[in-house]
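Listed below are the residues making up each chain.
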Protein chains: 4
Amino acid sequence: MPIELDALIATYEDLHRHPELGRQEHRTAGIVAEQLRALGYDVTTGVGGTGVVGVLERGQGSTVLLRADMDALPVLEATGLPYASTATATSADGETVPVMHACGHDIHTTCLLGAAAALADDDGWQGRLLLVFQPDEEGGGGAQAMVDDGLFERFGTPDVVLGQHVAPVPVGVLGVRSGPAFAASDSLRITLHGAGGHGSRPEATVDPVVMGASLVQRLQTVVSRDVAATDTVVVTVGSFHAGVAPNVIPDNAVLGLSIRTTDERVRASVLAAVERMVRAEALAAGAPKEPEIEVRDSFPPVVNDAAACEQVREAFTDAARWIVVDPGPVTGSEDVGVLAEAAGAPCAYWLLGGADPALFEGATTIEEIRNVVADLPSNHSPRYAPLAGPTLESGVAALVTAARAWLA
Amino acid sequence: MPIELDALIATYEDLHRHPELGRQEHRTAGIVAEQLRALGYDVTTGVGGTGVVGVLERGQGSTVLLRADMDALPVLEATGLPYASTATATSADGETVPVMHACGHDIHTTCLLGAAAALADDDGWQGRLLLVFQPDEEGGGGAQAMVDDGLFERFGTPDVVLGQHVAPVPVGVLGVRSGPAFAASDSLRITLHGAGGHGSRPEATVDPVVMGASLVQRLQTVVSRDVAATDTVVVTVGSFHAGVAPNVIPDNAVLGLSIRTTDERVRASVLAAVERMVRAEALAAGAPKEPEIEVRDSFPPVVNDAAACEQVREAFTDAARWIVVDPGPVTGSEDVGVLAEAAGAPCAYWLLGGADPALFEGATTIEEIRNVVADLPSNHSPRYAPLAGPTLESGVAALVTAARAWLA
Amino acid sequence: MPIELDALIATYEDLHRHPELGRQEHRTAGIVAEQLRALGYDVTTGVGGTGVVGVLERGQGSTVLLRADMDALPVLEATGLPYASTATATSADGETVPVMHACGHDIHTTCLLGAAAALADDDGWQGRLLLVFQPDEEGGGGAQAMVDDGLFERFGTPDVVLGQHVAPVPVGVLGVRSGPAFAASDSLRITLHGAGGHGSRPEATVDPVVMGASLVQRLQTVVSRDVAATDTVVVTVGSFHAGVAPNVIPDNAVLGLSIRTTDERVRASVLAAVERMVRAEALAAGAPKEPEIEVRDSFPPVVNDAAACEQVREAFTDAARWIVVDPGPVTGSEDVGVLAEAAGAPCAYWLLGGADPALFEGATTIEEIRNVVADLPSNHSPRYAPLAGPTLESGVAALVTAARAWLA
Amino acid sequence: MPIELDALIATYEDLHRHPELGRQEHRTAGIVAEQLRALGYDVTTGVGGTGVVGVLERGQGSTVLLRADMDALPVLEATGLPYASTATATSADGETVPVMHACGHDIHTTCLLGAAAALADDDGWQGRLLLVFQPDEEGGGGAQAMVDDGLFERFGTPDVVLGQHVAPVPVGVLGVRSGPAFAASDSLRITLHGAGGHGSRPEATVDPVVMGASLVQRLQTVVSRDVAATDTVVVTVGSFHAGVAPNVIPDNAVLGLSIRTTDERVRASVLAAVERMVRAEALAAGAPKEPEIEVRDSFPPVVNDAAACEQVREAFTDAARWIVVDPGPVTGSEDVGVLAEAAGAPCAYWLLGGADPALFEGATTIEEIRNVVADLPSNHSPRYAPLAGPTLESGVAALVTAARAWLA
């Protein structure tokens, strides 16, 4: 039976229209569980909070873990799509925020539901399918929460962990890279303490807005001066919040940092430099109180297994429907590695092209293709919008193809 | 009849406990109206939104306008007082914010209620009392709203506009300054447009957090380089908001600026410099869209009338209960000047000492006194807390004394 | 006998064409000594290095000290005048620098020579004239050097210290201000130690250029945030030197700061803030060595004596040839106060208009006059050029007039 | 005959003690020419200014170009070596600067003299040796100057271009990398025009020190935000010069930038970003005149030929005296590529270990070795000091070994 694409698209648009923040994926988990049950999977919900596990066993053979993530982001959608999100939610900090599937986890979830259907319908394989629909990838704690909730004790240890991430390259391209594939990520929350007061009397205050601004500029030098140009490091200040009125100098400023590195030694030195600069800022400003640096989440690089990648690449190549490339290392991060590491299983996690190939027409050199990619809205952009139908078809086929490489 | 201090303190603590943002002073206006009516004033509510006007006429004579402001600030109170505020409100931008009487408008309102009582009880005068309880001084539009609502057409034009502002100098001190006494104020809201995206791929974005930080630092040079050291200028960035997640580069950053100047030529050049720097920032960053600069409110300096100030100063000195000083020009701003200008009447607006004199014990030189003041929480601080009882007594007496200088 | 203006102009143009840095005024001192001797003064050279003292005694009476400074600045002249300087000299730091009379000390010296002639020629007075031609005003140590060399022990203590500074206001205007007239000045030399290396490998270095840039920006906040808008404070980084090649990261950066304040408490807090920021910068950068902060020179405010100023102002007014104004406090600094303080004598030091009045044609309001002044090249500019003839005439007359107010 | 190491060391110490800036290598060229002539080479001096070419022909065979560079850097030596330089020179900008062989070109020159001796003494080969001692590698124009002076027309076209650069890795290590091995380099000289004036009156000026500081900070964002973390880019501000006195705001600031990139597309976008930021800075400051951006020199990446590298690597490995590694791409730049490109010949240019192996004792993992390297003074540091004797032995042998791979 062919994949019923219309049904998949309907599921996708429904998920896209109703995005949920990490640890709040109740509606999404409900839809996943319902569809899996209808397909004959043995379904458990509430694993690690809102995670869903579906199991299908068929005689002797390998256990293959297929993983998708379900959470969305606090981004205000600007795609203009007919099924664009208008949802809001309460964040962990108690703020009301807009919510959008700006990172394509709705594609991941829908593709895995499609693969679940295709594999359930296919009686040509033997072994054990372990489908993991994970919460809270963005916050970085979802995979760990499922592991801590006994994922492998309760549902068995897999022989391989497989998964995919949609990316702004053309539909029909798959990116498979052996070794370090995704960067390590550390998120910090920094609170700079000043001393508030009247906006017209800065001399009676310690201005935390100036402290924060000075720190943001100082932090640029971590990448520009403190690490080698050949090191892969990103230091992003994704959020900066201070004050509620123009004429009141606030008591503090709160900054949210995201740090990407691919080397443990460099990671340690970057974190040390950030801390040094934060402390120096308080000294320069004459702050009344030391700043606070909280590590919000922290996850390791995804290191793909060489043999597993080779097996996946061969299967993709044999299928003769994709262009398979090595995308090089990616500065994005992923907690799928947490699952593989906890299971002691090899990991193969690939990139799934999701952009309209028509946009690449006329671009034949690598240079020209890179220029097109550079102009596309990337993941996390309010305008990020994969080409739904063809991406879902390609993504379902990729999951099925890879899984079948292990399922006799 | 002496002022009933206990009742005044009770009113003060009640107002302090229930602060309301500008244009939302419904509860406060209700209490004001109720007390004025009980005292025999002819009361009109809803003037210019939530403003209250009380009139008391006694034969021929001058019309004296006594003015108090009623609004509070979006500040989270940290005084630890038993009657501290725990209130929140929805700001004009739709955010839920804490609210606190951090600028002493509760003192102003209570003192004017006390003066209303004292003057109603005193039959030694002739003329016309026009009590104005104004909304939204902080936002800068409250006085204008009352004028636009026909304040002087409906209630008559005063011969003098009198009022006071509580300040962190000792109770018992009054500050009267002729000429420019409070600075002009301009509040700007600046939106810097970047282009959002994934926190790990800054190259695919234009980072508005970096734009904002760079702008905040650049703006420091307006005061440090662009104006003379002898000019009185403040440029405060009171709020900076960008982003909701550490790993998402947002689309824009919004900054709230408050600018104080005392000279029209300098004011124009400061506003021009700010605009120049904002535009340059967008150019430096390669921003996809020009920044927006909105003037949120803008009010002129308070210029006290020389003759009116002399009259007030003499009355205060004759009363022999205060130390009367010239505080020099103040960088704080006030829209009381809008009332005087619209009425074509002279203005005398003074500073009312509200700090505990015990804190100044041992400080005898100007130097020592300034050092004590520098250490006190100033207006707009979350810890601003005037010494309620003595301040109310002094403030009521000052209003009555000044008013009586015009009421035969 | 009238002042021989042509001779004065010739002296002025000669001095202007041959400027000398502080402590190197050998040629200038020679010309001064020669002219004074020709006029009958008792001349001593080499006082405090290159200083010159001329004494003329005529019976009983007051001793009047008239002071001029002789040194020039390391500025590359850009006036285009026919007598413009093309001189260079070796600075105290061993560098070859251009030299220019960019602050008008050539006017001061020539005026005092003219006054010396006029007073020698005038037999209508009694008393003692003490002419002081001082070295190194810019460096701030010249007056002190003369005091330390026994100026008052050797030549007697004056009853008053008089002098003038040329300013970019119209010829014919004199500015006399009682009380604090010129600001205190502190010059600092800050050495930031990084660790040099190859320009392509910043990670192996600590980049002092970035440290210096970050510090310059941080220092702007001293004026913009740390002091009150009503305080008069300037923090200028007048020089920044680091590196000799674009592809070599240097070992250190050297910054020259000039700080002006008018209040001792503020001065202390500004110096403390600068030091705090310098130390914090080294911390932020992970510098291998603490920065060095050397106070190069430091001189107190010039505080004019009220009675002496009144006497000078009256004399000027009686002469009916000048417009005498109160210029307000000036952020410029002067070490003439060191002479007065060491002598225990009152000081009256005034501003001498030196700008072409034609430039002010049509400017009648204060506003318009200020706008003209703002557009003129100010002292220390490479384009600073007083209108020689009329300025010399006015300056000689002012010195004579003021001196005669004390010489019966 | 073995290399006479003592003589080589004496030559090296002599060159080190007498470094010469680019295009001024007269003494060095004289020594080179004299030694080559003594060895029987056909010597031509003055090629491309101060370049020296030595030719030795022996029957039929390949022509091998061996290249060394001779120029030193404007760095003040701080090695403390007995043969440390105390030399100074006049730079192209007319300044007196210290000079030091801080990049090891004295090693390169001495090694090539040693190889010249060894090959002259060795009669086991046939072919043609073309020794090129090049001026001004640091300025980036030396190789081009020799090409423009008819290098290949006059001395024949080589079959391969060989050379080496000493690096802070242990003696005994050689680094050979095929493909892009050294980065492209662009040096810019940026003049920011402000408007000078008195240090106490910034409002009458446009302060170029603040402009320069702000620009340096802004430029950090080119690397931290504008390019991908996986791109190899360095933007160094190696020099910053403004002002001569703390109390004079200068007219302009001059910055020297060095930019390294490895990809032509990225190079173009980096240069565009730098220009954008420079222009924006002038706008922000209200500069009276547009900044000037001069490209001082600009050279392409060194792209090593795959086959030539393989041939060199095999020869090195067969010699069994070195550890041969792939050093990865280097952000340093070299103009040896200009020679190869102009000749249309393959290039093999390798890194020569020059650090004391004793410093690496106990360091066995790559991590530990990298940590030692990170602590060593790198090229261009005032403390850069290769271990002379063993480095010269290794470097001579490497040149001879590589040359012999082409000379039958």
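Residues numbered from 1 in each chain as written. Chains lettered and ligands numbered in written order. Predicted model: local features only at pLDDT ≥ 70, side-chain atom pairs only at ≥ 80, totals over all residues. Heavy atoms only, no water.

Our next topic: a negative patch on the surface. Residue and element names in this part refer to chain A. On the surface, Glu4, Asp6, Asp121 and Asp123 cluster together to form a negatively charged patch. Along the chain, aspartate 121 falls in helix 3 (residues 105-121). We classify aspartate 121 as partly exposed; its relative accessible area is 38%. (Patch = residues over 30% accessible without salt bridge, like charges linked within 9 Å, V, L, I, M, F, W, Y side chains within 5 Å. Areas by Shrake-Rupley, 256 points an atom, 1.4 Å probe, with all protein chains shown as cover. Salt bridge = Lys/Arg side-chain N within 4 Å of Asp/Glu carboxyl O. Lys, Arg positive; Asp, Glu negative; His and termini not counted. Charge placed at Lys NZ, Arg CZ, Asp CG, Glu CD. Helix = DSSP H or I, 4+ residues; strand = E, 2+ residues; numbered from the N terminus. Buried < 20%, exposed > 50% of the residue type's maximum accessible area, 1.4 Å probe, protein only.)

If you trace the backbone, A:Leu257 turns up in strand 14 (residues 252-261). A sequence separation of 21 residues divides A:Leu257 from A:Thr236, and the C-alpha atoms of the two residues are 5.6 Å apart. Discounting chain neighbours no more than four positions away, the residues touching A:Leu257 are A:Asp186, A:Ser187, A:Leu188, A:Ile190, A:Leu219, A:Val235, A:Thr236, A:Val237, A:Val274 and B:Pro246. (Contact = heavy atoms within 4.5 Å.)

Before going further, it helps to examine the domain arrangement of chain A. Residue and element names in this part refer to chain A. Per the domain assignment, the segments of chain A are domain 1 (5-178 + 305-404) and domain 2 (183-298). Taking both partners together, domain 1 and domain 2 bury about 610 Å²; carbon and sulfur atoms supply 41% of that area. Among the residues of domain 1 in contact with domain 2, Asp93, Thr331 and Ser333 are the three that bury the most area, contributing 60% of the side total. Between domain 1 and domain 2 we count zero salt bridges in total. Summed over the shared surface of domain 1 and domain 2, the number is four residue pairs in polar contact (both at pLDDT 80 or more). (Domains from an automatic or database assignment. Buried area = accessible area lost by both parts, 1.4 Å probe. Polar contact = N/O pair within 3.5 Å; in protein donor to acceptor, adjacent residues only side chain to side chain.)

Another aspect to go through is the packing of helix 6 (residues 208-226) of chain A against helix 7 (residues 264-285) of chain A. All names here are of chain A. Packing of helix 6 against helix 7 brings their axes to within 10 Å, and their N-to-C directions diverge by 150°. In the crossing of helix 6 with helix 7, the sense of the turn from one axis to the other is right-handed. On the side of helix 6, the interface is formed by Met211, Ser214, Leu215, Arg218, Leu219, Thr221, Val222 and Asp226, while helix 7 contributes Val270, Ala273, Val274, Arg276, Met277, Val278, Glu281, Ala282 and Ala285. Among the residues making up the contact of helix 6 with helix 7, the classes are represented as 11 nonpolar, two polar and four charged. (Axes fitted to C-alpha atoms, helices over the stretch in contact; angles between N-to-C directions. Left-handed = near helix turned anticlockwise from the far one by under 90°. Nonpolar A, V, L, I, M, F, W, Y, C, P; charged D, E, K, R; others polar.)

Residue and element names in this part refer to chain C. Under the counting rule described, the total for this entry stands at 84 salt bridges over all chains. Its salt-bridge partner being aspartate 69, residue arginine 67 comes within 3.7 Å of it at the nearest N-O pair. In this structure arginine 67 comes out as buried when scored by relative accessible area, which is 3%. When the shortest N-O distance is used, the salt bridge between glutamate 275 and arginine 279 registers 3.4 Å. Taken together, the positions of glutamate 275 and arginine 279, both in helix 7 (residues 264-285) and four residues apart, correspond to about one turn of that helix. With a relative accessible area of 27%, arginine 279 lands in the partly exposed category.

Buried accessible area, meaning the area lost when the parts come together, often serves as the stated size of an interface. Counting residues at the interface gives 25 residues for chain A, matched by 25 residues for chain C. For the pairing of chain A and chain C, the buried interface totals around 1,900 Å² over both sides, and the portion due to carbon and sulfur atoms is 54%. On the chain A side of the contact with chain C, A:Arg218, A:Arg225 and A:Ala284 bury the most area, a combined 33% of that side's loss. For the pair chain A and chain C, the number of links is four salt bridges. Notably, a salt bridge pairs A:Arg225 with C:Asp207, separated by 2.7 Å at the nearest N-O pair. The tally of links between chain A and chain C comes to nine residue pairs in polar contact (both at pLDDT 80 or more).

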